[in-house]
Amino acid sequence: LHSPFSLMCALTFLGQESEDGKICFVKIHATWDVLITYAEVLNIKVPIKENDIPSTVENPLDCMLAPLRLPEKVMHPEPDYFTAPFSRDKQELYLINDESTFFSPSMRNRIVNYILTRCPYGTEEGKKKFGIKRLLNNGTYTAAYPLHDCQYWKKANDPNCENERYTLYMEWARFLRFYKEQPLDLIRKYYGEKIGIYFAWLGFYTEMLFLAAVVGLICFLYGLFTMDENMSSKEICDPAIGGEIIMCPLCDQDCEYWRLNTTCESSQYSHLFDNVATLFFAIFMGIWVTLFLEFWKRRQARLKYEWDLVDFEEEQQQLQLRPEYEAKCTHKKKNPVTQMEPYLPITSQAVRFCISGTTVLFWVSIFLNHHFNTYQKIPRTHMEYENRLTMKMFLFQFVNYYSSCFYVAFFKGKFVGYPGAYTYMFNRWRNEECDPAGCLIELTTQLTIVMAGKQIWGNIQEAIVPWICNWWGRRKARNNPENLYSRWEQDHDLQTFGALGLFYEYLEMVIQFGFITLFVASFPLAPLLALMNNILEIRVDSWKLTTQYRRPVAAKAHSIGVWQEILNGMAILSVVTNAFIVAFTSDMIPRLVYYYTASENEDSPMSGYINNSLSVFQISDFPDRNKPKLNPENFVICRYRDYRYPPDHEKKYLHSMQFWHILAAKLAFIIIMEHVVFIVKFFVAWMIPDVPADVKAKIKREKYLTQKILYEYEFEKLKERLCQETHNVLS
């Protein structure tokens, strides 16, 4: 094979200045020899025969889903082929009808990018300098990007142009097409598999949210229709009960005594989310998340077959070392596959790893959402680099987004002490108490703001910011005729998708996934709001990618990568968090304990619960530090939320036996709920195979037919060679 440097000479370079003469554009074209050489290096699969395996039996519901379908030419822009890795020595085996169109544009820009990232261009202090990234970083070039094939709002004048960008805009990237399926094959063909699989995952996630949204809405309606039957809120709102209960101040000295019925409205709203249906929904979501992840594996397996990624070997990617890694490595070691390869000594790796780990722990500990620039164990391959970067940045974002919800759900109001003996942080700041209606309604409010407010605003920002930047960047060129405002200049004025562009798209959705799973016991409407957001998100992402960004370099991927492991981890964590929310943040367990052990009214078992759940404190026992400055009505006692003995008891203000009964019930509930949900989750995961049976059969059939075609080809070549040798001998 030719070296990357010698092959660069085979690339065609055309230079041209911009209309204002300030920018020089260098257009690069890969010759046929370059393409076939690197198609073999990158193990690119190409067609050898049209696929003749019968398609899956049609779904009888297809006629009902017809309004949601796109035209067949849009959904499947190319025929399905049997494929094989390209080899220069077997060109007659492949279906090469036209050399100019044999490799798709995404394949071509992937090959050129592979060459440019590894091309040496000089030396510095005895070290090679290479790669377009370094030239971009030092300002030699300002940008490097593949071109869009046409304007998004009109077709190209060239009759040979496929106008895929225009088709994507008309059929996919407009909000009025929100009810239509996504043209995943066309997305993959134009942008590459990595972006294609993101939109496939986002679409599947949105579809699965529909079931969760329906069940969550039913649970919410149950709380709404039973609101008037809630005995707790009735007693709180009753002037003869809640109006006569005087509550202890919520802060030291400056806060006043208050009556319980002032929380009447919030206690009624709290019932919307703190009821038996919420418990059912928390268990349901624990099972739903397993179904989502397992069915996604099946959908991903089908895509791998349809997109020729079944034999996309991790080993092949592992052999493609990052240029940045090679540049930093001064040592070499023997690799059984690649022979000699660069490597970092274990001492250098250990130092970088320790510094990196210390830095990560430091920033996480102070809850800063920050990009970091630090030494680390240098990743060898693109896959390792992306996985480590994704995991580190996700940990930062996890702390940033979820810390307040975790605080409200599991810490706020849990360690406050009691009147006269409050708990203080550093003996100075009194620990914060929950809202008078409870911490659950506070957690619900936070989730409502995040799901209903921040998500919508985030989509607006995603759409408006790049549009404004592009509008401003093109302001001088808008009045120029099209022949003076070339295709490459127009693309240059667009926004850059960037190496982390897809990371932030995944991050946004995975953070949302966390909100609808980790804290769903407090807000059953979260999946519905997520569904509404995602319907908009798909069209916003597609619109900005198609109209506002330069065309990204195509990249292959056979899965969503490390995000799958992150989702699995969050699914397991969600079972634990929801069990704790139901047990410790809501009032469900104390109500059940009262119902079965302390209720004295058979006709209305929950009567008296509010009085039972509030302990008594004698105001004269207040120390000066806590005692309110004013007591105009001369109250003698006040009440507070806890289970402690009254002031006239021999165990004054110590936890009562009911407290320990409730605590035991909470712990028992957590253990039982976790075990039940985990058993069901693992059973469901075991029952659902990762790869559908028909896909397995097709994979085996295609491998057999492909091997047969290759065998017949080799056999015919052998016959021809033997005949030629026989002819030479006879002559």
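Looking up the protein in an unreviewed UniProt entry gives the name Anoctamin, with the organism given as Athene cunicularia. UniProt, in its Sequence similarities (unreviewed entry) section for the protein, records the words "Belongs to the anoctamin family."

Some details on the overall build of the protein
When helices and strands are tallied, the protein shows 25 helices and 16 strands. Looking at the protein residue by residue over its 731 residues, the buried ones come to 46%. A separation of at least 24 residues holds for 74% of the contacts in the protein among residues at least 6 apart in sequence. In the form shown here, the protein has an accessible surface area of approximately 38600 Å², with 59% of it arising from carbon and sulfur atoms.

Re the UniProt feature "transmembrane region" (unreviewed entry) in the protein
Summarizing the sequence annotation, UniProt attributes the feature "transmembrane region" (unreviewed entry) to residues 198-225, 276-296, 350-369, 389-410, 510-532, 566-585 and 667-688 in the numbering used throughout. Measuring from the first to the last C-alpha atom of residues 667-688 gives 32 Å, for a span that is 95% helix and 0% strand.

Here's the deal with the packing of aromatic side chains
In total, this model carries 54 aromatic pairs according to the counting rule given. Measuring from ring centre to ring centre gives 5.0 Å for Tyr198 and Phe199, while their planes differ by 70 degrees; the resulting arrangement is edge-to-face. In this pair, the class of Tyr198 matches that of Phe199, namely buried. For the pair Tyr506 and Trp563, a centre-to-centre distance of 5.7 Å together with 20 degrees between the ring planes defines the contact as stacked. Taken as a pair, Tyr506 in helix H19 (residues 501-518) and Trp563 in helix H21 (residues 562-585) lie far apart in primary sequence, 57 residues in all. Here Tyr506 matches Trp563 in class, with each residue buried. Above the ring of Tyr190, the side-chain terminus of Arg551 is found at 3.8 Å from the ring centroid. Positioned over the ring face of Tyr424 is Arg625, at 3.7 Å from the centre of the ring.

Description of the state of the cysteines
Tallied over the full model, the rule gives four disulfides. Note on cysteine connectivity: Cys248 is disulfide-linked to Cys638, with sulfurs 1.9 Å apart. Across the S-S bond of Cys248 and Cys638 the torsion is about 85 degrees, and the bridge reads as right-handed. Highlighted residues: Cys248 in the loop between strand S7 (246-247) and strand S8 (258-259) and Cys638 in strand S16 (residues 637-641), separated in sequence by 390 residues. Judged on exposure class, the residue Cys248 and its partner Cys638 are both buried.

Structural notes on the environment of Arg591
With respect to the secondary-structure elements, Arg591 resides in helix H22 (residues 588-598). A relative accessible area of 19% means that Arg591 is categorised as buried. The spatial distance from the C-alpha of Arg591 to the C-alpha of Ser613 is 8.9 Å, given a sequence separation of 22 residues.

What to know about the nonpolar core
Trp201, Tyr205, Trp288, Phe292, Phe515, Phe519 and Trp563 are the most contacted members of the largest nonpolar core, which has 114 residues in total. Not counting residues within four places of it along the chain, the set of residues in contact with Trp288 comprises Tyr205, Met208, Leu209, Leu211, Ala212, Phe513, Ile516 and Thr517. Val46, Ala84, Phe103 and Tyr713 belong to the second largest nonpolar core, which has 28 residues in total.

Things to note about helix H24 (residues 657-687)
Here H24 spans 45 Å end to end across 31 residues, near enough to the 45 Å set by a 1.5 Å rise per residue. Among all positions in H24, only Gln658, Ile662, Lys666, Phe669, Ile670, Met673, Glu674, Val677, Phe678, Lys681 and Val684 are buried. The inward-facing, buried residues of H24 contact helix H12 (276-306), H21, H22 and helix H23 (609-613).

Things to note about the packing of H12 against H19
Viewed as axis vectors pointing N to C, H12 and H19 meet at an angle of 145 degrees, and their least axial separation amounts to 10 Å. The segment H12 lies against H19, with Met285, Trp288, Val289 and Phe292 engaging Phe513, Ile516 and Thr517. Tallied by class, residues from the contact of H12 with H19 come to six nonpolar, one polar and no charged.

Remarks on unusual backbone geometry
You will see that Asn43, though not glycine, has its phi angle at about 60 degrees, which is positive. Looking at the element boundaries, Asn43 is found in the loop between helix H2 (32-41) and strand S3 (45-50). Looking at Asn43, the relative accessible area reads 32%, which means it is partly exposed. One non-glycine residue, Asn163, lies in the positive phi region at around 50 degrees. Note that Asn163 resides in the loop between helix H6 (132-137) and helix H7 (164-171).

Details of helix H8 (residues 184-191)
An α-helical turn contains 3.6 residues, so any two residues separated by three or four positions project in the same direction. The element H8 is largely enclosed, with a buried count of seven among its eight residues. Those residues of H8 lying buried are Leu184, Asp185, Leu186, Ile187, Lys189, Tyr190 and Tyr191. Close packing links the buried residues of H8 with helix H3 (72-75), helix H5 (105-116), H7, helix H9 (193-225), H12 and helix H20 (526-548). Directly after H8, the chain includes Gly192, whose backbone phi takes a positive value near 100 degrees.

Some words on the environment of Asp80
Considering the arrangement of structural elements, one finds Asp80 in the loop between H3 and strand S4 (81-85). It is 8.5 Å that separates the C-alpha atoms of Asp80 and Asp52, two residues lying 28 residues apart in sequence. If we skip the residues at most four places from it in the chain, Asp80 touches Glu50 and Asn51.

Let's talk about the pattern of salt bridges
Charged atoms that come close allow side chains of opposite charge to pair. Considering all chains together, one arrives at 28 salt bridges under this definition. Between Glu432 and Lys412 there is a salt bridge whose closest N-O contact spans 3.3 Å. One end of the pair, Glu432, is in the loop between strand S14 (429-430) and helix H17 (439-473); the other, Lys412, is in the loop between helix H16 (382-410) and strand S11 (417-418), and 20 residues separate them in sequence. Judged by its relative accessible area of 7%, Lys412 is buried. With a shortest N-O distance of 2.5 Å, Lys412 and Glu442 are connected by a salt bridge. Here Lys412, found in the loop between H16 and S11, pairs with Glu442, found in helix H17; they are 30 residues apart in sequence, far enough to count as distant. You can call Glu442 buried: its relative accessible area is 18%.

A few points about the confidence of the model for the protein
When pLDDT is averaged along the protein, the result is 84, and 85% of the positions lie at 70 or above. Here helix H1 (residues 4-8) stands out as the least confident element of the protein, with mean pLDDT 38; H9 is the most confident, with 95. In the predicted structure, residues 1-9 sits below a pLDDT of 50 and forms 19 contacts with residues beyond four places in sequence or in another chain. Below a pLDDT of 50 lies the segment residues 366-376, which in the model reaches 22 contacts outside its immediate sequence neighbourhood of four places, other chains included.

Details of a nonpolar patch on the surface
On the surface, a cluster of nonpolar side chains totalling about 830 Å² of accessible area is made up of Ile456, Trp457, Ile460, Ile464, Trp467, Ile468, Trp471 and Trp472. Residue placement: Trp467 occurs in helix H17.

Thoughts on the environment of Tyr407
Considering the arrangement of structural elements, one finds Tyr407 in helix H16. Residue classification places Tyr407 among the partly exposed residues on the basis of a relative accessible area of 35%. Setting aside residues no more than four positions away along its own chain, Tyr407 makes contact with Lys412 and Glu432.

So, the side chain of Glu193
Turning to its location among the elements, Glu193 is positioned in helix H9. Classification of Glu193 by relative accessible area gives buried; the value is 9%. Side-chain polar atoms of Glu193 contact the side chain of Arg188, separated by 3.1 Å. Residues in contact with Glu193, not counting those within four places in the same chain, are Arg188, Trp307, Leu309, Ala555, Lys556 and Ala557.

Reading guide: rules and limits
Residues numbered from 1 in each chain as written. Predicted model: local features only at pLDDT ≥ 70, side-chain atom pairs only at ≥ 80, totals over all residues. Heavy atoms only, no water. UniProt positions renumbered as here; feature names shortened; annotations may be inferred. Helix = DSSP H or I, 4+ residues; strand = E, 2+ residues; numbered from the N terminus. Buried < 20%, exposed > 50% of the residue type's maximum accessible area, 1.4 Å probe, protein only. Contact = heavy atoms within 4.5 Å. Areas by Shrake-Rupley, 256 points an atom, 1.4 Å probe, with all protein chains shown as cover. Phe/Tyr/Trp six-rings, centres within 6.5 Å; stacked < 30°, edge-to-face > 60°. Lys NZ or Arg CZ within 6 Å of the ring centre and 35° of its normal. Disulfide = S-S within 2.5 Å. Core = buried A, V, L, I, M, F, W, Y, C linked by side-chain atoms within 4.5 Å. Expected span 1.5 Å × (residues − 1). Axes fitted to C-alpha atoms, helices over the stretch in contact; angles between N-to-C directions. Nonpolar A, V, L, I, M, F, W, Y, C, P; charged D, E, K, R; others polar. Salt bridge = Lys/Arg side-chain N within 4 Å of Asp/Glu carboxyl O. pLDDT = per-residue confidence, 0-100. Patch = residues over 30% accessible without salt bridge, like charges linked within 9 Å, V, L, I, M, F, W, Y side chains within 5 Å. Polar contact = N/O pair within 3.5 Å; in protein donor to acceptor, adjacent residues only side chain to side chain.

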